[in-house]
Amino acid sequence: MKIHILTLFPEMIEKGFQSSIIGKAAQKEILSLHGVDIRDYSLDKHNKVDDYPYGGGAGMLLQAEPVFNAWQSVTGGRAVRTIYLTPQGTPFTQSMAEELAGEEELVFLCGHYEGIDRRVLEETVTDYVSIGDYVLTGGELPAMVMIDAVARLIPGVLGNESSAEEESFFNDLLEYPQYTRPEVWHNKKVPEILLSGDHRKIAQWRLEKSRRLTEKVRPDLYEKYERKQRLTDRLLKDKRNYIHMIESLRRGRAEIIWWEGEDILLYDRSCKLCMITAASKESGRLMLAYAPKETESFVTSQVFLNEMLCGSGGSDMGDEGESYGGYEIHCECYQLVYTQKVPLPVKHKDIRQLTMEHLDYVGSRYSYDGREYVEARIREGVMYGAFVENAPVGFAGMHNEGSLGLLYVEEAYRRQGIAVSLESYIINRTLEKGWTPYGQVIVGNEESFALQEKLGLYRSDRTVWWLEKIKQKGQA
Ligand code: ADE
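Predicted model, so just to flag it, every value in this text is computed and none were measured. (Residues numbered from 1 in each chain as written. Predicted model: local features only at pLDDT ≥ 70, side-chain atom pairs only at ≥ 80, totals over all residues. Heavy atoms only, no water.)

Student: Where do I start with the overall build of the protein in this structure?
Tutor: When helices and strands are counted, the protein shows 16 helices and 20 strands. In summary, the protein has a C-alpha radius of gyration of 25 Å against a globular reference of 23 Å for 476 residues, a match within 12%. Each principal axis of the C-alpha distribution contributes one length, and for the protein these read about 75 × 75 × 50 Å. Taken across its 476 residues, the protein has 46% of its residues classed as buried. For the protein, the share of sequence-separated contacts (at least 6 apart) that also reach a separation of at least 24 residues comes to 68%. Taken as a whole, the protein presents about 25,300 Å² of accessible surface, with 50% of it coming from carbon and sulfur. Positive and negative charge centroids in the protein, built from 57 and 72 side chains respectively, lie 6 Å apart. (Helix = DSSP H or I, 4+ residues; strand = E, 2+ residues; numbered from the N terminus. Rg over C-alpha atoms; globule rule 2.2 N^0.38 Å. Buried < 20%, exposed > 50% of the residue type's maximum accessible area, 1.4 Å probe, protein only. Contact = heavy atoms within 4.5 Å. Areas by Shrake-Rupley, 256 points an atom, 1.4 Å probe, with all protein chains shown as cover. Lys, Arg positive; Asp, Glu negative; His and termini not counted. Charge placed at Lys NZ, Arg CZ, Asp CG, Glu CD.)

What follows is the structure, given as structure tokens:
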């Protein structure tokens, strides 16, 4: 990821990150941090960049032209996500960090003095963000806070991949208390359960501690957590048909946008995906009005929703004549769920996580979702290859939203149990995380159904549809 910071104090950002984990990631070229001095773009011979506000008032404002020229110097006028740090912005959250972590390039604009001329903000800024209800002297510290929170989610930045998954704010709960050696300190003993070696009990104890702590200090978060729990319990009554929603909630990905009885709209911000099920056309239409505008994909559970989203509903759109069109059907799938808790045997012994050196191999064999998509999966560390004599002969992985898939085995190595081994391996990894493995198989792909059913996955009785936003000509 490329990060540009437009500021009057570039050295503050550069020095600030130098010795940190983020600075190390920059050295390893996992991300680039580029400070741009707005003063270098001053039109004034004294390098002046500020002036008095029209209409009077305290303090000075940054002028539009130097800010605009600094922004132009990095974007060349391209539509790059540009974040202006301001106490008047949307509060920064973990889910915003997750969404921004998916961008290739970000620009942070740091204000100083009393702010920046409004007109240049209107021409450059895509997001106005605040890091809290207090006022700082400038946007540099807020930008650093945001960069730290975003960068640590980029695969490879944190040494231990799992640590980003278990911490505070994952699944709306605060983190449980942690202990290290010595076992007794100031007469305080480490809780017995943590020394027991019983991982299931330890996980239960930690969850309970997290819940109690969150309930006490963050009742707002706890309410959100409880609501998700209630919805998950309800969906579990029809597990196979709603496994996509269940797992998205459980894995801490989905937000509830709407839930009233059988009408449910969830949003996974990090893959810009809405999952929707509606009891009637009327409630479906109502819910769609609440779907985030930036939604790239929908998973729908009813055909009438597809008609609305594809804009072919015509009179169906109601009196207001509103159409939610702009999407097209990508595929229709059954869902398959691995309902047991026991890991599967993996016969093929050489299965390894794939790295960027395998991108060409995977990209040339799996074209369904495009090369960029495959690249992102490898970066995330969720693609696995089966190897024979050190050469890959097949692969499988986990999709963006968490279902199993991206399966391929070389012609010459088919019917030797490699696909079964690859999928079993990924099922086991998923179980280790405490999740329920599931997949989605396109209607008619009998070969894949046979494989899933052989592995013990159960098929849903209804289908879901994937819809994708229709790209305008020229858009990537
Ligand atoms: N600039 C000054 N105070 C700020 C805050 N709380 N959040 C973001 N930017 C700021």
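Student: Help me out: how do you make sense of the domain arrangement of the protein in this one?
Tutor: Put simply, an interface is often sized by how much accessible area is lost when its parts join up. What the domain assignment reports for the protein is domain 1 (2–151), domain 2 (171–217), domain 3 (238–331) and domain 4 (351–435). Domain 1 and domain 3 are separated by 35 Å when their C-alpha centres are compared. (Domains from an automatic or database assignment.)

Student: Could you clarify how one ought to interpret the side chain of His348 in this entry?
Tutor: Mapped onto the elements of the fold, His348 is located in the loop between strand S14 (327–338) and strand S15 (351–353). From its side chain, His348 meets the backbone oxygen of Phe387 in a polar contact 2.9 Å long. Setting aside residues no more than four positions away along its own chain, His348 makes contact with Ala386, Phe387, Val388, Ile418 and Ser421. (Polar contact = N/O pair within 3.5 Å; in protein donor to acceptor, adjacent residues only side chain to side chain.)

Student: Can you help me understand the sheet that holds strand S6 (residues 105–110) in this one?
Tutor: In any sheet, the strands associate via hydrogen bonds between backbone groups, in a parallel or an antiparallel arrangement. Strand order in the open sheet formed by five strands is S2-S1-S6-S5-S7, with parallel pairing between adjacent strands. For this open sheet the edge positions go to strand S2 (32–37) and strand S7 (127–130), each flanked by a neighbour on one side alone. Looking at each pair of strands side by side, their axes are set apart by 30° on average, direction ignored. Sheet analysis places strand S5 (residues 81–91) next to S7, joined by five bridges and oriented parallel. Each residue of the ladder has a partner; that of Pro91, found in S7, is Ser130. (Pairing = 2+ DSSP bridges. Axes fitted to C-alpha atoms, helices over the stretch in contact; angles between N-to-C directions.)

Student: Even after reading the chapter, I still don't get helix H9 (residues 219–235), so can you show me in this structure?
Tutor: Each α-helix winds once per 3.6 residues, and so residues spaced three or four apart point in a common direction. Between its first and last C-alpha atoms H9 spans 24 Å; for 17 residues at 1.5 Å apiece the expected length is 24 Å, and the two agree. All of the buried residues in H9 are Leu221, Tyr222, Tyr225, Lys228, Leu231, Thr232 and Leu235. On its buried face, H9 is in contact with helix H8 (199–217), helix H10 (239–250), strand S10 (254–260) and strand S11 (263–268). (Expected span 1.5 Å × (residues − 1).)

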